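Here are the chains, one letter per residue:
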Amino acid sequence: MRHCGEGVYLRPMSCDLKGLENLSIGDGTSLPKGSTIYCTGATCTIGKKVLFGPKPTIITGDHRIDIIGKHIIDVGEDEKLPENDQPVIIGDGCWIGAHVTILKGVIIGAGSVVAAGAVVTRSCEPYSIIGGVPAKLIKMRFSPEEIQQHESIIKTK
């Protein structure tokens, strides 16, 4: 792995993990049974104290689909474009619900909640609550004043 923090709980025998050299997991995070993480040519960074529901899927890459005269499966890694592989970042203290799919290029802001079954194709601000297919902002967890208070408290812990 690129980085594995302290107190990380990982079940490698019950997870499908590819591209471990591009995977970083922060302190106190636990990957549940049935996790699927595919780090293609891009990194996946999971912050500290991230809570996952069952069977999350995170994919940092995509297939190139615009080459005439080739089946998609025949397109080689050397033919990929930079936009085909993009990093995924999950901020500290997030809760990722059951059966969530997070796709390439997404940044989930610190302290956010992703509702069960969501397909996340776009980034969200810290302390967002998002859900749906594709995921959209439902509401913010805290007001701006509450965010400042929350962050000042958790920094001391």
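See the structure printed just above.
Just so you know, these numbers come straight off a predicted model, no measurement behind them.

Enquirer: Quick rundown of the packing of aromatic side chains? Include the residues and the values.
Expert: Applying the stated rule across the entire model yields one aromatic pair. Ring centres 5.7 Å apart and planes at 50 degrees place the aromatic pair Tyr127 and Phe142 in the tilted group. With a gap of 15 residues between them, Tyr127 in the loop between strand S13 (119-120) and strand S14 (128-131) and Phe142 in the loop between strand S15 (136-140) and helix H1 (144-155) connect regions that are remote in the sequence.

Enquirer: Any chance you could break down the layout of surface pockets for me, citing the residues and the numbers?
Expert: Estimates place the volume of the largest pocket at around 410 Å³. Grouping the constituent residues of the lining of the largest pocket by class yields three nonpolar, three polar and six charged.

Enquirer: Requested: an account of the environment of Val8, with residues and values cited.
Expert: Here Val8 lies in the loop between strand S1 (3-4) and strand S2 (16-18). Once the C-alpha coordinates of Val8 and Lys49 are considered, the two residues, 41 residues apart in sequence, prove to be 8.9 Å apart.

Enquirer: A description of the pattern of salt bridges should follow, citing residues and the corresponding values.
Expert: If you walk through the whole model with that rule in mind, you get six salt bridges. Across the pair Lys18 and Asp16 runs a salt bridge, and its minimum N-O distance is 2.9 Å. Here Lys18 falls in the partly exposed class, since its relative accessible area comes to 43%. Classification of Asp16 as partly exposed rests on a relative accessible area of 28%. When the shortest N-O distance is used, the salt bridge between Lys80 and Asp85 registers 3.0 Å. Through salt bridges that share partners, Glu77, Lys80 and Asp85 make up one connected network.

Reading the values: rules and limits
- Residues numbered from 1 in each chain as written.
- Predicted model: local features only at pLDDT ≥ 70, side-chain atom pairs only at ≥ 80, totals over all residues.
- Heavy atoms only, no water.
- Phe/Tyr/Trp six-rings, centres within 6.5 Å; stacked < 30°, edge-to-face > 60°.
- Helix = DSSP H or I, 4+ residues; strand = E, 2+ residues; numbered from the N terminus.
- 1 Å grid on protein atoms, 1.4 Å probe; cavity = no way out; pocket = protein on both sides within 12 Å on 5 of 7 lines; lining within 4 Å.
- Points joined across faces, edges and corners; volume = space filled by probe spheres on them.
- Nonpolar A, V, L, I, M, F, W, Y, C, P; charged D, E, K, R; others polar.
- Salt bridge = Lys/Arg side-chain N within 4 Å of Asp/Glu carboxyl O.
- Buried < 20%, exposed > 50% of the residue type's maximum accessible area, 1.4 Å probe, protein only.

Purely geometric stuff here, so don't read any function into it on its own.
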